Amino acid sequence: MSVRSGHEEKWGWWKGTALKIRFLYSEDCPSHGEALQRLHRSMEAEGISAHIEILRVDTDEDAEKLKYVGSPTIIVNGRDIDPPETPHYAVTCRAYRVEDGRVSPLPSEPMIRKALRKAKTKES
Amino acid sequence: MSHLKIGNEAVAFKLSGVDGKEHSFDEYKDKNAVVVIFSCNHCPYVRAWEDRMVQIQADYASKGVQLIAINANDASKYPDDSFPNMKERASVKKFNFPYLRDEAQSVARAYGAERTPEVFLFNKNGILRYHGTIDDNYDDPKAVKQHYLRMALDAVLAGNSVSTDETEPVGCSIKWK
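Here the structure is a predicted model, which is why all the values come from computation and not from measurement. (Residues numbered from 1 in each chain as written. Chains lettered and ligands numbered in written order. Predicted model: local features only at pLDDT ≥ 70, side-chain atom pairs only at ≥ 80, totals over all residues.)

Asker: Help me out: how do you make sense of the overall build of chain A in this one?
Answerer: Looking only at helices and strands, chain A has three helices and nine strands in total. Counting from the amino terminus, helix and strand elements in chain A follow one another as β-β-β-β-α-β-α-β-β-β-β-α. By residue count, 34% of the 124 residues in chain A fall in the buried class. Pairs at least 24 residues apart make up 74% of the contacts formed inside chain A by residues separated by at least 6 positions. (Helix = DSSP H or I, 4+ residues; strand = E, 2+ residues; numbered from the N terminus. Buried ≥ 20, exposed ≤ 12 C-beta atoms within 10 Å, placed from the backbone. Contact = placed C-beta atoms within 7 Å.)

Asker: What exactly am I supposed to notice about the overall build of chain B here?
Answerer: Across its full length, chain B holds four helices and nine strands. The N-to-C order of helical and strand elements in chain B reads β-β-β-α-β-α-β-α-β-β-β-α-β. For 177 residues, the compact-globule estimate of 2.2 N^0.38 gives 16 Å, and chain B sits close to it at 15 Å. Across its three principal directions, the C-alpha atoms of chain B cover 45 × 35 × 30 Å. A total of 177 residues make up chain B; the buried ones form 45% of that total. Summarising the internal contacts of chain B: among those between residues at least 6 apart in sequence, 75% fall at separations of at least 24. (Rg over C-alpha atoms; globule rule 2.2 N^0.38 Å.)

Asker: Any chance you could explain the pairing of strand 4 (residues 21–25) of chain A here in plain terms?
Answerer: The side chains of a regular strand alternate between the sheet's two faces. All names here are of chain A. With four of five residues buried, strand 4 lies mostly within the body of the structure. Summarising the sheet, strand 4 and strand 5 (residues 52–56) pair through five bridges and their orientation is parallel. Opposite Tyr25, over in strand 5, you have Arg56 as the bridge partner. In the classification by handedness, the crossover that spans strand 4, the intervening helix 1 (residues 32–45) and the parallel strand 5 is right-handed. The sheet contact formed by strand 4 and strand 6 (residues 73–76) spans four bridges and is antiparallel. Across the sheet, residue Phe23 finds its bridge partner in strand 6, namely Ile74. (Pairing = 2+ DSSP bridges. Right-handed = clockwise from strand over helix to strand, strands pointing away.)

Asker: I tried to follow helix 2 (residues 83–92) of chain B on my own but got confused; where do I start?
Answerer: Since there are 3.6 residues in each turn of an α-helix, residues three or four apart along the chain are aligned in direction. Residue and element names in this part refer to chain B. Where helix 2 is concerned, the buried positions are Met86, Arg89 and Ala90. Taken around the axis of helix 2, the buried residues stretch over an arc of 95 degrees, which confines them to a single face. Along helix 2, exposed side chains directed more than 90 degrees from the buried face belong to Pro84, Ser91 and Val92. Buried residues along helix 2 sit in contact with strand 4 (65–71) and strand 5 (99–101). (Arc of directions from axis to C-beta.)

Asker: Would you mind showing me how to read the interface of chain B and chain A here?
Answerer: Interface size, as often reported, equals the accessible area lost upon joining of the parts. If you look at the interface, chain B gives 10 residues, while chain A gives 11 residues. Those elements that provide at least two residues to the side of chain B that touches chain A are helix 1 (44–60) and strand 9 (172–173) of chain B. In terms of residue count, the dominant contributor to the side of chain B that touches chain A is helix 1 of chain B (four residues). Of the residues contributing to the side of chain B that touches chain A, the split by class is seven nonpolar, one polar and two charged. (Nonpolar A, V, L, I, M, F, W, Y, C, P; charged D, E, K, R; others polar.)

Asker: Explain helix 1 of chain A to me, please; I cannot follow it from the model alone.
Answerer: Residue and element names in this part refer to chain A. Relative to the 20 Å expected for 14 residues at 1.5 Å per residue, helix 1 spans 20 Å between its end C-alpha atoms, a close match to the ideal helical length. Within helix 1 the residues assigned to the buried category are His32, Ala35, Arg38, Leu39, Ser42 and Met43. Projected down its long axis, helix 1 shows its buried positions confined to an angular sector of 135 degrees, all on one face. Across helix 1 from its buried face, at more than 90 degrees, point the exposed residues Gly33, Gln37, Glu44 and Ala45. (Expected span 1.5 Å × (residues − 1).)

Asker: Just checking my understanding: could you explain the nonpolar core for this structure?
Answerer: Residues and elements named next belong to chain B. Counting 78 residues, the largest nonpolar core has Val35, Tyr45, Ile68, Ile70, Leu121 and Leu149 as the members making the most contacts within it. If one sorts the elements of this core by residue count, helix 1 sits on top with seven residues. In this structure Val35 touches Val65, Leu67, Ile68, Val119, Leu121 and Leu149, once residues within four positions along its chain are discounted. (Core = buried A, V, L, I, M, F, W, Y, C linked by C-beta atoms within 7 Å.)

Asker: Help me understand the sheet that holds strand 8 (residues 128–132) of chain B in this model?
Answerer: What holds strands together in a sheet is hydrogen bonding between their backbones, with the strands either parallel or antiparallel. All names here are of chain B. One open sheet accounts for seven strands, arranged 2-1-5-4-3-7-8; its pairing is mixed. The open sheet has two free edges, formed respectively by strand 2 (22–24) and strand 8, since each of these has just one partner strand. If you compare each strand with its neighbour and ignore which way they point, the axes differ by 30 degrees on average. Running over the sheet, helix 1 touches strand 3 (33–39) and strand 4 and is turned about 155 degrees from strand 4. (Axes fitted to C-alpha atoms, helices over the stretch in contact; angles between N-to-C directions.)

Asker: Even after reading the chapter, I still don't get the pairing of strand 8 of chain B, so can you show me in this structure?
Answerer: All names here are of chain B. With four of its five residues buried, strand 8 lies for the most part within the structure. Taken together, the four bridges between strand 7 (residues 118–123) and strand 8 define a ladder with antiparallel strand orientation. Bridge pairing in strand 8 links Phe122 to Leu128. The turn joining strand 7 and strand 8, which pair antiparallel and follow one another in sequence, is formed by four residues; a positive phi near 75 degrees is taken by Gly126.

What follows is the structure, given as structure tokens:
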């Protein structure tokens, strides 16, 4: 597999519950830097201190294996923060529908925070 | 980077549009400015910018400006970018400019386009005066600080030099066959 990991996988903790956060991206899509910053800010806002497993996805074969629908993708405890209705696994840039109905190459911070809160609630 | 440099002449083309007609660069020679934008259906950067493309055409049409969008993506790997889907997108988003299919990808290669969206603005003499991105914020139209394409159009229409004549195109890579 040609996936490149930026960090050793670790579990994060929030009030004794386990949170596993994964960030997947493709180099070809320019929004991943900002997306990772939004994830960091969202985690801080939710009081979550955790390492983020960062994976760069380079091939469609790896996209299939990882169930990767495009860059950037944030997975919290195994669940995509915005699961698509009809997933298509490929090395591509991903579109998010944000709160005001716009399409964006970036997940919004409210979207990320909602997913983090949901994961905290489920685990507690 | 683009094969076309600022100051170069436009590369001629003749491509099929979603309106069922063939379109060439020459048919717009009476325009004061022509904006060729390499675009597509699937790319989220295009999808974030396309309402702004429609607005720019609406705002500048009376000043003799013509936008032309060209999709050169490999639709076999990206079926959202197929010609039937292009027709649907143009209808749903009410495109007020031609949306053309570069099936052979020859126009995109000739221009040296690499991204979607990627802008090439030509003056009334067909000379490239601006190349790059539409503005400085793909994510939020309300947070745009630098309206690069609009600023370039204003300068070209006034007969002035374009102060920022080149920016880095931001978007998805063109999907080559």
